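Okay, here's what each chain looks like letter by letter:
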Amino acid sequence: MQPTTLCNLNCRYCYLPDRGKRLVMPAAVNRAAAEAVARWRDSGHQVEVLWHAGEPLTVGVRTFEDLLADWPAGTLHHIQTNATLIDEAWCDLFHRHHVRVSASIDGPEHMNSGRVTRSGAPAWLRITAGITMLRRQGIPFDVLSVVQDPAPEVEARTRDPRTTRLGQSDGSRTPYGRPAEELMTDAHGGFHRR
Ligand code: SF4
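Novice: Lay out the overall build of the protein with the relevant residues and their values.
Specialist: Each helix and strand in the protein was counted, giving five helices and seven strands. Here the protein, with 194 residues, has 19% of them falling under the buried criterion. At a minimum sequence separation of 6, the contacts of the protein that also span at least 24 residues come to 63%.

Have a look at this one:
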């Protein structure tokens with residue numbers, strides 16, 4: 001689900017044409033989607049919703065909480081965020097609604113050169129401030145990275161002891177020459193075929 005097309009960043013590699021426009025999903029669309037999947041929930045299926053693209057946090061805590069309220073109890077919500085807007089209020093919402101968070105960060109600072117604000121300034125400090133807030137509030141999170149330069153260093157960086165799972169995709173083949181769907185890592189990062 002895309003609550004808005006707007007993103008507060010302007011990453012150089014971003015493919016979203018409307019990321020500079022605040023086009024907001026009407027509440028009626030959200031309600032219709034929620035009602036449509038309620039049937040699956042009623043037949044015993046787990047319903048999961050991923051909120052993403054542009055930057056979902058730009059709609060604000062109150063609006064986002066209103067969107068969540070339309071979904072059936074037991075729905076598992078995920079959010080993909082650039083992390084720059086995460087503060088205590090957002091962390092409180094994530095806790096209360098058990099939202100699973102994924103933060104977009106491309107590695108250490110020098111690998112985030114493509115992540116910039118609308119004025120072209122580096123977004124690094126704002127991204128890491130949000131991730132620091134997640135850690136301080138005890139919220140576990142996944143990481144989504146765009147790999148601009150698939151150097152061996154990238155694979156080494158995935159061996160962080162806090163990494164419990166890793167998936168990769170470049171659309172068809174990974175930088176390591178294996179089909180993306182075959183690559184996963186087990187705890188602590190060892191690449192292997194599934
Ligand atoms: S944070 Fe994501 S949506 Fe926003 S400009 Fe960067 S790549 Fe695009």
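Novice: Let's hear about helix H4 (residues 124-136): which residues, and what values?
Specialist: An α-helix turns once every 3.6 residues. As a result, residues three or four positions apart point the same way. Over its 13 residues, H4 extends 18 Å from the first C-alpha to the last, a length consistent with the 18 Å expected when each residue adds 1.5 Å. Where H4 terminates, the next one or two residues include Gly138, which has phi positive at roughly 70 degrees.

Novice: Now, about the packing of helix H2 (residues 61-69) against helix H3 (residues 88-96): what can you tell me, with residues and values included?
Specialist: One can describe the packing of H2 onto H3 by two numbers: an axis separation of 11 Å at closest approach and a directional angle of 10 degrees. Classified by the angle their axes make, H2 and H3 are roughly parallel. When H2 is examined against H3, the residues Val61, Phe64 and Glu65 are found in contact with a partner set consisting of Ala89, Trp90 and Leu93. Looking at the contact of H2 with H3 residue by residue, the class counts come to five nonpolar, no polar and one charged.

Novice: So what's going on with unusual backbone geometry? Which residues, and what values?
Specialist: With an omega of -10 degrees, the peptide bond running from Ala53 to Gly54 counts as cis. You can see Gly54 is positioned in the loop between strand S1 (48-51) and H2. The backbone phi angle of Ala83 is positive, close to 75 degrees, even though this residue is not glycine. Here Ala83 shows up in the loop between strand S2 (76-81) and H3. C-beta crowding within 10 Å serves as the criterion here: with 25 such atoms nearby, Ala83 is assigned to the buried category. Of note in this structure, His98 is not a glycine but carries a positive phi near 50 degrees.

Novice: Quick rundown of the environment of Leu50? Include the residues and the values.
Specialist: Locating Leu50 in the fold gives a position in strand S1. For Leu50, a count of 15 C-beta atoms within 10 Å corresponds to the partly exposed category. Each C-alpha atom, one on Leu50 and one on His77, is 6.1 Å from the other, the two residues being 27 residues apart in sequence. Leu50 has contacts with His78 and Gln80, leaving out every residue within four places of it along the chain.

Novice: Help me get a handle on the nonpolar core, residues and values and all.
Specialist: Judged by nonpolar contacts, Leu57, Ile79, Ala83, Ile86, Trp90, Phe94, Val99, Val101, Ala103, Ile105, Ala123 and Ile127 together constitute the single largest core of twelve residues. Counting only elements with at least two residues in this core, the list comes to H3 and strand S3 (100-104). Not counting residues within four places of it along the chain, the set of residues in contact with Trp90 comprises Leu57, Val61 and Leu85.

Basis of the calculations
- Residues numbered from 1 in each chain as written.
- Predicted model: local features only at pLDDT ≥ 70, side-chain atom pairs only at ≥ 80, totals over all residues.
- Helix = DSSP H or I, 4+ residues; strand = E, 2+ residues; numbered from the N terminus.
- Buried ≥ 20, exposed ≤ 12 C-beta atoms within 10 Å, placed from the backbone.
- Contact = placed C-beta atoms within 7 Å.
- Expected span 1.5 Å × (residues − 1).
- Axes fitted to C-alpha atoms, helices over the stretch in contact; angles between N-to-C directions.
- Parallel < 35°, antiparallel > 145°, perpendicular 65-115°, else oblique.
- Nonpolar A, V, L, I, M, F, W, Y, C, P; charged D, E, K, R; others polar.
- Core = buried A, V, L, I, M, F, W, Y, C linked by C-beta atoms within 7 Å.

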